[in-house]
Amino acid sequence: MAASSRTVSASLLFMFFLFGFSAAKELLVGGNVNAWKIPSSEADSLNNWAEKSRFNVGDHLVWKYDGGKDSVLQVNRQDYANCNSSNPIEKYSDGNTKVKLDRPGPFYFISGAKGHCEKGQKLVVVVITPRRRYSAVSPAPSPAPSSAELEESPAVAPTSSAPVLQTGFATALGLLATISVAFLM
Ligand SMILES: *[C@@H]1O[C@H](CO)[C@@H](O)[C@H](O)[C@H]1NC(C)=O
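Here the structure is a predicted model, which is why all the values come from computation and not from measurement.

Caption draft 1: Layout of the nonpolar core. Counting 20 residues, the largest nonpolar core has Trp36, Phe55, Leu61, Trp63, Phe109, Leu123 and Val125 as the members making the most contacts within it. Discounting residues that sit within four places of it in the chain, Trp63 has contacts with Val29, Trp36, Val72, Gly95, Asn96, Thr97, Val99, Phe109 and Leu123. Grouped together as the second largest cluster of nonpolar side chains are seven residues, Leu73, Tyr108, Ile110 and Cys117 included.

Shown next as structure tokens:
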């Protein structure tokens, strides 16, 4: 039925915007499917990739590899440095590993395949501290604008406190919901 399939596409559109706004991403390690391997050169290394990427709290790292031949071990800093695979924090060997970056700071990963870590198959990802830029620019909390003000200017980017951010977010979602409904008419 045409109506229900349109409802579905409007919902998908809405979800797309929702996830776009919440900004949680899935990052394929190395940027392609076969990247979890011994790097052919320094430039090809996963840490070279990680340095060019930006990791936020809530993002997921995704590894694609042959689970029969390799694995992903999450380890501490020392075991990362020594390529010690005997005591991992977590061990994954399902070939399609997803790890949530649930806090700021460094996350260390090494290959569980024998000898691979020593040859450079390892990764450190540093998750940035959330809201650093907000706390840097707004030392004092400012009063939240009234809802009438927000309705008048939904496109103005909020710059200060968290309640303002949330209100702005809700306003943006409301606007998108309206667009989605209009799309259905
Ligand atoms: C690897 O880690 C284990 C447990 O933490 C430790 O007992 C062992 O000595 C370490 N091996 C090497 C080669 O560092």
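Caption draft 2: Representation of the sheet that holds strand E5 (residues 96–100) within the structure. The sheet built from three strands is open, its strands ordered E1-E2-E5 with mixed pairing. Single-partner strands in this sheet number two, and they are strand E1 (26–28) and E5. When strand polarity is set aside, the average angle formed by the axes of neighbouring strands in this sheet is 25°. Bridging between strand E2 (residues 60–64) and E5 involves five bridges; their strand directions are antiparallel. The residue bridging His60 from the neighbouring strand is Lys100, located in E5.

Caption draft 3: Region of interest: the packing of aromatic side chains. Summed over all chains, the structure comprises four aromatic pairs. Their ring planes at 80° and their centres at 6.0 Å tell us that Trp36 and Trp63 sit as a pair that is edge-to-face. In this pair, Trp36 sits in the loop between E1 and helix H2 (46–51) while Trp63 sits in strand E2, placing the two residues 27 residues apart along the sequence. Overall, Trp63 belongs to the buried group, its relative accessible area being 0%. Here the aromatic residues Trp36, Trp63 and Phe109 are joined through ring pairs into a cluster of three or more. When the ring centre of Phe107 is taken as origin, the NZ or CZ atom of Arg103, which lies over that ring, is 3.9 Å away. Across from the ring centre of Tyr80, 4.3 Å away, lies the NZ or CZ of Lys122, which sits over that ring.

Caption draft 4: Examining the sheet that holds strand E4 (residues 90–92) more closely. Strand order in the open sheet formed by four strands is E4-E3-E6-E7, with antiparallel pairing between adjacent strands. The open sheet has two edge strands with one neighbour each: E4 and strand E7 (122–127). Between one strand axis and the next, the sheet turns by 20° as a mean value, whatever way the strands run. The pairing of strand E6 (residues 105–111) with E7 spans six bridges and is classified as antiparallel. Considered in E7, the bridge of Gly105 is made with Val127.

Reading the values: the criteria
- Residues numbered from 1 in each chain as written.
- Predicted model: local features only at pLDDT ≥ 70, side-chain atom pairs only at ≥ 80, totals over all residues.
- Heavy atoms only, no water.
- Core = buried A, V, L, I, M, F, W, Y, C linked by side-chain atoms within 4.5 Å.
- Buried < 20%, exposed > 50% of the residue type's maximum accessible area, 1.4 Å probe, protein only.
- Contact = heavy atoms within 4.5 Å.
- Pairing = 2+ DSSP bridges.
- Helix = DSSP H or I, 4+ residues; strand = E, 2+ residues; numbered from the N terminus.
- Axes fitted to C-alpha atoms, helices over the stretch in contact; angles between N-to-C directions.
- Phe/Tyr/Trp six-rings, centres within 6.5 Å; stacked < 30°, edge-to-face > 60°.
- Lys NZ or Arg CZ within 6 Å of the ring centre and 35° of its normal.

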